[in-house]
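Structural overview for review
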Amino acid sequence: YAGRLLLLDDSRAIIGATLLTLGYDPNTTDPGQLKEAQTKLAQLAAGVKLFDSDSPKTALIAGDVDLGITWTGEALLAQRENPAIQYVYPTEGTVIWQDNYAIPVDAPHLDAAYAWLNYSLQGDVFWKMLEEFPYTNPNTAALEFAKTAHPPLYNAYMDSNITNTPAEAIKAGHRIQDVGEALPLYDQVWTEIKGGE
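Residues numbered from 1 in each chain as written. Predicted model: local features only at pLDDT ≥ 70, side-chain atom pairs only at ≥ 80, totals over all residues. Heavy atoms only, no water.

Strand order in the open sheet formed by three strands is 2-1-3, with parallel pairing between adjacent strands. Because the sheet does not close on itself, it has two edges, and the strands there are strand 2 (48-51) and strand 3 (67-68). Judged from the three bridges that link them, strand 1 (residues 5-7) and strand 2 form a sheet pairing that is parallel. Looking at strand 2, one finds that Leu-6 is bridged to Leu-50. (Pairing = 2+ DSSP bridges. Helix = DSSP H or I, 4+ residues; strand = E, 2+ residues; numbered from the N terminus.)

As structure tokens, this is what we get:
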């Protein structure tokens, strides 16, 4: 697959995945383990065609790459275009991530922010995420609405191992944590990997 690989442009996810393949914690602060991960990742990076976190599905759909590490929602959108695309959870465990809503502490229109959150999280509104942004959906009201009002979309969501992550994959997963003063080590590894050093 040399020259046909896609990796997310995300240092913590990709270095974390590399650490997992070596049997290490993806949040290690051990410089020796990070150096070992850098050596292994450098071998893989030599065959990477593209680092892309914004739209990794594009290269998959176009056939410019054959495999890689991507976000779940991007994988499902690619699979919708090309059903031959398969999603696999690594035996070492995956790096678990999540998107969030957040309101800045000094938000000038706090009431409007809460109104937006309340509106967008309603089941009959948030279900659209299954269509447009098909990531794992924690909104049970949205899932229940889709189950009744949009059964084909709901069934596709529930039948997919991409969006309906298997319990064993979640249990084997690893969350990215703050590594404190070791963060510059991760930044250095990533800079050198992407710079080809």
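Anyway, onward from the coordinates.
Moving on to the environment of Leu-41. Along the chain, Leu-41 turns up in helix 2 (residues 31-45). Along the backbone, Leu-41 and Leu-8 are 33 residues apart, and their C-alpha atoms lie at a distance of 13 Å. Excluding its chain neighbours within four sequence positions, the residues that come into contact with Leu-41 are Leu-7, Ile-14, Ile-15, Thr-18, Trp-190 and Ile-193. (Contact = heavy atoms within 4.5 Å.)

This part is about the packing of aromatic side chains. Within this structure, the stated rule accounts for six aromatic pairs. Centre to centre, the rings of Phe-51 and Trp-190 are 5.6 Å apart; their planes meet at 85°, and the pair counts as edge-to-face. Of the two residues, Phe-51 is situated in strand 2 and Trp-190 in helix 11 (residues 183-195); the sequence distance between them amounts to 139 residues. Note on Phe-51: relative accessible area 22%, which makes it partly exposed. The class of Trp-190 is buried, set by a relative accessible area of 10%. (Phe/Tyr/Trp six-rings, centres within 6.5 Å; stacked < 30°, edge-to-face > 60°. Buried < 20%, exposed > 50% of the residue type's maximum accessible area, 1.4 Å probe, protein only.)

A word on the environment of Ser-160. With respect to the helices, strands and loops of the structure, Ser-160 is situated in the loop between helix 9 (151-159) and helix 10 (167-171). You can call Ser-160 buried: its relative accessible area is 9%. Linking Ser-160 and Leu-76, residues 84 residues apart in sequence, is a C-alpha distance of 8.4 Å. At 3.0 Å, the side chain of Ser-160 and the backbone nitrogen of Ile-162 are in polar contact. Polar side-chain contacts of Ser-160 include one of 3.5 Å to the backbone nitrogen of Thr-163. (Polar contact = N/O pair within 3.5 Å; in protein donor to acceptor, adjacent residues only side chain to side chain.)

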